[in-house]
Amino acid sequence: MPAKSYEEKIDEILQSIWMLKEYDRTGVADLVEFCPEEGVEADLPGMVEGRLIRLENGSVDFQPAGHKRAEGIVRCHRLAEVLLTQLFGLEKNDIEATACDLEHAIDPRVAESICTLLGHPPICPDGKPIPPGSCCRTYEVTVKPIVQRLSDMAVGATGKVTFIAPSVHSRFDLLASLGIVPGTIVRLHQKIPAYVIQTGETELAIDKDLTREIFVQKQ
Amino acid sequence: MGDSGAATALKDSQRRVILVGNPNVGKSVIFGILTGRYVTVSNYPGTTVEITQGNATVNGRRSLILDTPGANSLIPMSEDERVTRDILMTDGDRVVLQVGDAKNLRRSMLLTVQLSEMGMPFVLALNMDDEARSRGVRIDAKALSEKLGVPVVATVATQRTGISQVTASLDKPGVSALRADYGEVIENAIAQVSEFVPANGIATRSVALMLLSGDESMKAWLRASVSDAQLAQIEDIRHTTQKSFTHPLSYVISRARLTAADAVVSEVMTTEPRTTSTVAEWIGRWSMHWLWGIPFLLAVLVSTYFLVGDFAAGTCVDFLQDTVFGAPGEGGWIVPPLERAITSVLGTTGVGGFLRDMLVGQYGVITMAVRYAVAIILPIVTFFFLVFGCLEDSGYMPRLAVMVNRWFKKIGLNGKAVLPMVLGLGCDTMATMTTRILPSRKERVIVTLLLALGVPCAAQLGVQSAILAGRGPAPLLIWIGVVIGILFTVGWLAAKVLPGQSSDFVLEVPPMRVPRLGNILTKTLARIEWYIKEAVPLFIIGTLLLFAMDKIPIGDESMLVRTEEVGEPLVTGVLGLPQEASSAFVVGFLRRDYGAVWLADAAAAGAVTTNQVLVALVTLTLFIPCVANLLIMIKERGLKTALWMTAFIVPFAFLVGGAVNLTLNLLKITL
């Protein structure tokens, strides 16, 4: 692996802090163990000075500037993962290194375009949340998305489910028991008064809430 | 375990044939053919809510046939799915007849994988083969049978096609070797959990997978043979295994099963693309279209009104009431000659006179109970169930669910609740039982409450529309408005107050089909039989009660008059009704339609004003439907919940009636 610049190393540390926080772990010791970079402890004082993080009783937390930067890095990394797996069909194990490189190369504007292209995915292939960008909040669709929510697909169109991101876990089971999993082809028959979709020869009436959580690639 | 108790009690020598399959694939039709026993069959997923059993001789062997509620997965997500899973777990000599929808092979295979994992001997019937063919779906049954290692038969159960092959193959079922590939991590976990699983009716591997899927309903069953420490260990294994996956284990397991199902489907099924739609498909589309669905719904409502409210409650009732029954001293084929005959035999005084009054007097069993039940209620109920049967079998009900989903959402329900609610317009008692198709307790409680509170049954509806006929549209509209308003308000409040989650709306919309007259007639007859058994005894009890109250003196007045005096502040004061209306409420406790019939008599005699009719109708509509409904409420929801509901409904009915009366008076409205 080519030597990383100092800034790239800081990015990696910030990303590690973010991921640890997702597991409710904030200890400096955890960070040293978890972060793939060498000599993390030596870099922390500089990061405190740069107002990125603060250290307290052996635990580490973000300052606003650090939080923002970490959020951007994690977002780019996870968007890159979705792009490589969902769109290019690469195996998850093969893309980690590429995603790590891309996260530094993608600037926020490019990130927005990728995000829009992918239909503003809320989760990465591992199921971890992707921090939303401003494009997700306004829910831009100017770049024609390749992956879109089933709820946004045109009536009469057919799509292949790429992933399902339910807000309630039991919905996974509910949809799977009806045969709706990634790879399933669904056709959208109508949107009002309720969504009606077809998979195989099964027609299902379904809540809009659920169709928002099913992401499809138009066929 | 749970509902399967009845099945375990049977003799060891008797073989059980368990019908299992996705909802709405025709299990009940096949059950009916095998046993000759009728169970409700309809084109609506979830019609069967509990195990139905019947005896049959299959290939010369006495067998007990069990019809189970439809299930999409044997990891249950609702009460009726749990019933199906539980019955499979009981030991003994049994064979499963899996019924699948031929055009939806993939979903059938999802269950097949699970039956295979259970190590269950089974036979697969691919039903509705005709529908699959007309849609260009072809299944190579022979290849499928070889692949699975079990007999596979294509059937069209409604035409009895293939049934003889099914019964023949029940003697030589197969145990399938079909397995899903779960990967190393889950396989290890299966091996670990299997150590704790006690011997039971199905393969331990299958139980281990249920436990890994986090099936809570299994825990109670395990507790009988497994210590708390061991349970905790199982939970630990589950947690550790879950850590290797980002998606819930149950989902990972389902996906692996679907992959296995897809592999089978791709080998045995071919689909020819279709370019044309059938007429039935067009109607199916239109009837749930946001705009065209509305005239469709209105057309259904208007034709129902004309058949049930106008023809049955008007023409038929008048004919039966005036021409067939008649009244003492007036014309009629039954009552006048009967009254003369009874009077001549029993006389009018002493014990004979007492008995005569009991039979043909003012509160006589024949003149009142039998006349009400046969001449008034029966024709209305019959026509309602005929119409309801047509709607059910045509496949319109799920489409109606689509149309009303939005409105039902506002009261904490969703479109799925439409079946119990509309069935309530036939019989609230039956409807309360079908609330089992609803996935959450919260929804079941709300529907039970609304049914008891404000959904008038066919009998009541018919009588009430007859009372309102000829009084102009105003009282009718106010009555409908008040009742629907109350249902929405109470539903909305209940949705806010009751704890728990409402479930997601996901409902299968089956194809539109031309209803088969035979099935509708059989179904209507079964429902009328139920109605007669339930209602007529209550009518007779109610009449005897009134008769007794009329005969028993308290002081110088009869008990009936005394009761009317006691009820006077409420009935006359609050509701502004004549004193005699008390007796309508007394019998209204037994059946509210019975109370309505009293009102119909009073209205026909011109004893009440239209304002009073409206107030009485609103109050009676909001009453508890009948004693039978109360008993079913207790059975389905528990004594406490049922009593709470009653304690709310009865005073609330009077309160609303009083409010209507007060409003009419204050605004000086005379209808």
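Keep in mind it's a predicted model, so treat the numbers as computed, not measured.

Thresholds, definitions, all that
- Residues numbered from 1 in each chain as written.
- Chains lettered and ligands numbered in written order.
- Predicted model: local features only at pLDDT ≥ 70, side-chain atom pairs only at ≥ 80, totals over all residues.
- Heavy atoms only, no water.
- Helix = DSSP H or I, 4+ residues; strand = E, 2+ residues; numbered from the N terminus.
- Domains from an automatic or database assignment.
- Contact = heavy atoms within 4.5 Å.
- Buried area = accessible area lost by both parts, 1.4 Å probe.
- Salt bridge = Lys/Arg side-chain N within 4 Å of Asp/Glu carboxyl O.
- Phe/Tyr/Trp six-rings, centres within 6.5 Å; stacked < 30°, edge-to-face > 60°.
- Buried < 20%, exposed > 50% of the residue type's maximum accessible area, 1.4 Å probe, protein only.
- Lys NZ or Arg CZ within 6 Å of the ring centre and 35° of its normal.
- Pairing = 2+ DSSP bridges.
- Patch = residues over 30% accessible without salt bridge, like charges linked within 9 Å, V, L, I, M, F, W, Y side chains within 5 Å.
- Areas by Shrake-Rupley, 256 points an atom, 1.4 Å probe, with all protein chains shown as cover.
- Lys, Arg positive; Asp, Glu negative; His and termini not counted.
- Charge placed at Lys NZ, Arg CZ, Asp CG, Glu CD.
- Polar contact = N/O pair within 3.5 Å; in protein donor to acceptor, adjacent residues only side chain to side chain.
- Nonpolar A, V, L, I, M, F, W, Y, C, P; charged D, E, K, R; others polar.
- Arc of directions from axis to C-beta.
- Axes fitted to C-alpha atoms, helices over the stretch in contact; angles between N-to-C directions.

Caption draft 1: Region of the structure containing unusual backbone geometry. Cis geometry is found at the peptide bond from Ile192(A) to Pro193(A), where omega equals 0 degrees. When you line up the elements, Pro193(A) lands in the loop between β5 (185-190) and β6 (195-199). The backbone phi angle of His120(A) is positive, close to 50 degrees, even though this residue is not glycine. Residue placement: His120(A) occurs in the loop between α6 (108-117) and α7 (134-138). One non-glycine residue, Arg160(B), lies in the positive phi region at around 65 degrees. Mapped onto the elements, Arg160(B) comes out in the loop between β7 (152-154) and α7 (163-169).

Caption draft 2: Inspection of the domain arrangement of chain B at higher detail. For chain B, the domain assignment lists domain 1 (2-175), domain 2 (184-271) and domain 3 (551-666). The C-alpha centroid of domain 3 of chain B is placed 55 Å from the C-alpha centroid of domain 2 of chain B.

Caption draft 3: Focus on the side chain of Ser116(B). Looking at the secondary structure, you find Ser116(B) in helix α4 (residues 105-118). Other than its neighbours up to four places away in sequence, Ser116(B) contacts Phe122(B), Ser176(B), Leu178(B) and Arg179(B).

Caption draft 4: View of the domain arrangement of chain A. Residue and element names in this part refer to chain A. Here the domain parsing of chain A yields domain 1 (1-145) and domain 2 (147-218). For domain 1 and domain 2, the distance between their C-alpha centroids amounts to 30 Å. The contact between domain 1 and domain 2 buries some 850 Å² in all, and 55% of this surface belongs to carbon and sulfur atoms. Where domain 1 touches domain 2, the interface holds zero salt bridges.

Caption draft 5: A look at the packing of aromatic side chains. Residues and elements named next belong to chain B. Counting across every chain of the model gives 16 aromatic pairs over all chains. For the ring pair Phe623 and Phe654, a centre distance of 5.8 Å and an interplane angle of 75 degrees mean the geometry is edge-to-face. With Phe623 in the loop between α28 (610-621) and α29 (627-637) and Phe654 in helix α30 (residues 639-666), the pair connects residues that are 31 residues apart, well separated along the chain. Residues Phe623 and Phe654 agree in their burial class; the two are buried. Grouped by ring-pair contacts, the aromatic residues Phe384, Phe385 and Phe388 constitute a single cluster. The ring of Trp407 has Lys410 sitting right over it, with the charged end atom 5.9 Å from the ring centre.

Caption draft 6: Representation of the pairing of β6(A) within the structure. Residues and elements named next belong to chain A. Extensive coverage of β6 is indicated by the burial of five of its five residues. Neither face of β6 is left uncovered, since the one carrying Tyr195, Ile197 and Thr199 and the one carrying Val196 and Gln198 both have all their residues buried. Note: β5 against β6, three bridges, orientation antiparallel. What sits directly across from Arg187, in β6, is Gln198. Taking the residues that link successive antiparallel strands as the turn, the β5-β6 hairpin has four residues. Alignment of β6 against strand β7 (residues 202-206), held across five bridges, turns out to be antiparallel. Within β7, the position partnered with Thr199 by the bridge is Thr202. Between the end of β6 and the start of β7, which pair antiparallel, lie two residues, with Gly200 showing a positive phi angle near 60 degrees.

Caption draft 7: Local environment of a positive patch on the surface. A cluster of basic residues, Lys208(A), Arg212(A), Arg406(B) and Lys410(B), forms a positive patch on the protein surface. Tracing the sequence through the fold places Lys410(B) in the loop between α18 (396-409) and α19 (418-424).

Caption draft 8: Representation of the environment of Arg255(B) within the structure. Tracing the sequence through the fold places Arg255(B) in helix α12 (residues 249-268). Residues Arg255(B) and Leu110(B), spaced 145 residues apart in sequence, show a C-alpha to C-alpha distance of 9.7 Å. Ignoring anything within four residues of it in the chain, the contact list for Arg255(B) reads Val181(A) and Pro182(A).

Caption draft 9: Region of the structure containing the interface of chain A and chain B. Contact with chain A, which involves 32 residues of that partner, is made by 34 residues of chain B. Surface buried jointly by chain A and chain B totals about 3100 Å² across both partners, of which 55% is contributed by carbon and sulfur atoms. For the pair chain A and chain B, the number of links is four salt bridges. For the pair chain A and chain B, the number of links is 16 residue pairs in polar contact (both at pLDDT 80 or more). Of all the elements in the fold, those that place two or more residues in the side of chain A that touches chain B are α8 (170-177), β5, β6 and β7 of chain A. Ranked by residues supplied to the side of chain A that touches chain B, first place goes to α8(A) with six residues. Considered class by class, the residues forming the side of chain A that touches chain B number 16 nonpolar, 10 polar and six charged. As paired elements, β7(A) and strand β10 (residues 506-508) of chain B share three bridges and run antiparallel to each other. Paired with Leu204(A) across the two strands is Glu508(B), which belongs to β10(B).

Caption draft 10: Region of the structure containing the pattern of salt bridges. Residue and element names in this part refer to chain B. By the definition in use, this model includes 42 salt bridges over all chains. Across the pair Arg61 and Asp93 runs a salt bridge, and its minimum N-O distance is 2.6 Å. With Arg61 in strand β3 (residues 61-67) and Asp93 in the loop between α3 (79-88) and β4 (94-101), the pair connects residues that are 32 residues apart, well separated along the chain. When its relative accessible area of 33% is taken as the criterion, Asp93 is described as partly exposed. Among the charged side chains, a salt-bridge network with shared partners connects Arg82, Arg85, Asp86 and Asp215.

Caption draft 11: Just α29(B), in detail. Residue and element names in this part refer to chain B. When we look at burial in α29, the residues that qualify are Ala628, Asn629, Ile632, Met633, Glu636 and Arg637. The buried side chains of α29 occupy one side of the element, clustering within an arc of 140 degrees when seen end-on. Of the exposed residues in α29, those oriented more than 90 degrees away from the buried face are Leu631 and Lys635.

Caption draft 12: Structural view of a nonpolar patch on the surface. Together, Ile192(A), Val279(B), Trp282(B), Ile283(B), Trp286(B), Trp290(B), Leu291(B) and Trp292(B) make up a nonpolar patch on the protein surface, roughly 850 Å² of accessible area in all. Within the secondary structure, Trp290(B) sits in the loop between α13 (279-286) and α14 (293-325).

Caption draft 13: Local environment of the sheet that holds β6(A). Read from one edge of the open sheet, seven strands run β3(A)-β8(A)-β4(A)-β5(A)-β6(A)-β7(A)-β10(B), paired in antiparallel fashion. Of all the strands in the sheet, the pair left with one neighbour each is β3 (147-149) of chain A together with β10 of chain B. The sheet shows a mean angle of 40 degrees between the axes of neighbouring strands, taken without regard to direction.

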